[in-house]
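What the coordinates show
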Amino acid sequence: MPTLSTLLHSGPVHVLAYGTLLGSQFYQSFIGGVMAYKALPRPQFSQLQQKIFPVYFTLQTVLPAVLLLTHPSMSTTSLINPSSPYFYNTGLPLLVVLGASLANLAVISPATTKVMRERKIQETKEGKKYYDEGPKSERMAALNKKFGAMHGVSGLVNLIGLLATGWYGVILGNKIRW
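In this text the structure is predicted, and so the values were computed from the model without any measurement.

**Some thoughts on the environment of Leu-172**
Of note, Leu-172 is situated in helix α5 (residues 138–175). Considered as a pair, Leu-172 and Leu-159 are 13 residues apart in the sequence and their alpha carbons are 20 Å apart.

**Topic: the packing of helix α1 (residues 10–39) against helix α2 (residues 42–70)**
At their nearest, the axes of α1 and α2 sit 9 Å apart, and the two run at 160° to each other. One way to sum up the angle between α1 and α2 is to call them roughly antiparallel. Crossing handedness for the pair α1 and α2: left-handed. Here the residues of the contact of α1 with α2 sort into 16 nonpolar, 11 polar and no charged.

**Some remarks on the environment of Pro-93**
Here Pro-93 lies in helix α4 (residues 87–126). When its relative accessible area of 0% is taken as the criterion, Pro-93 is described as buried. C-alpha separation for the pair Pro-93 and Val-34, spaced 59 residues apart in sequence, amounts to 26 Å. Every residue in contact with Pro-93, bar those within four places of it in the chain, is listed here: Phe-87, Tyr-88, Ala-164, Trp-167, Tyr-168 and Ile-171.

**With respect to the pattern of salt bridges**
Should the charged atoms of two oppositely charged side chains come close, the side chains can pair. What the rule picks out here adds up to 3 salt bridges. Measuring nitrogen to oxygen at the nearest pair gives 3.4 Å for the salt bridge that ties Glu-118 to Arg-139. On the criterion of sequence distance, the pair formed by Glu-118 in helix α4 and Arg-139 in helix α5 is long-range, its members being 21 residues apart. What makes Arg-139 partly exposed here is its relative accessible area of 42%.

Thresholds applied
- Residues numbered from 1 in each chain as written.
- Predicted model: local features only at pLDDT ≥ 70, side-chain atom pairs only at ≥ 80, totals over all residues.
- Heavy atoms only, no water.
- Helix = DSSP H or I, 4+ residues; strand = E, 2+ residues; numbered from the N terminus.
- Axes fitted to C-alpha atoms, helices over the stretch in contact; angles between N-to-C directions.
- Parallel < 35°, antiparallel > 145°, perpendicular 65-115°, else oblique.
- Left-handed = near helix turned anticlockwise from the far one by under 90°.
- Nonpolar A, V, L, I, M, F, W, Y, C, P; charged D, E, K, R; others polar.
- Buried < 20%, exposed > 50% of the residue type's maximum accessible area, 1.4 Å probe, protein only.
- Contact = heavy atoms within 4.5 Å.
- Salt bridge = Lys/Arg side-chain N within 4 Å of Asp/Glu carboxyl O.

As structure tokens, then:
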């Protein structure tokens, strides 16, 4: 019978961190975000995402670091050293997830938020929402295009992180012996 002291070992922490990482990525990408988009009016959806994304991207950045630090059978040094035999099949997918999440947290998300603020200012100047029917001003059309591009890049980077997490899951699963 496992006890609470079992959690002091790196193996259970590693597996729980992996499950949290994959579960949160899958949920936010394919369930929570999609359902919120369908259920909420556009302004409320936007407010919700602005609150969720910093927490989500922080979690997605911390968890791969935890996985690198708690791998039960290899040292962190052997996982991040490209000359190590463990780098390509274990360390690299975790570094890809870490890099993708860090890019979203530190660069892409702030840039997207900046465009959203600029769009809000433009809405005030024009007296109409960015999503209102009818022709858009050149400035609003440019901001909408820029937002779409930033959102697309963020989604692609997030998908790369999710695929790398899955890649690592297959590697981790192949190491489990029953």
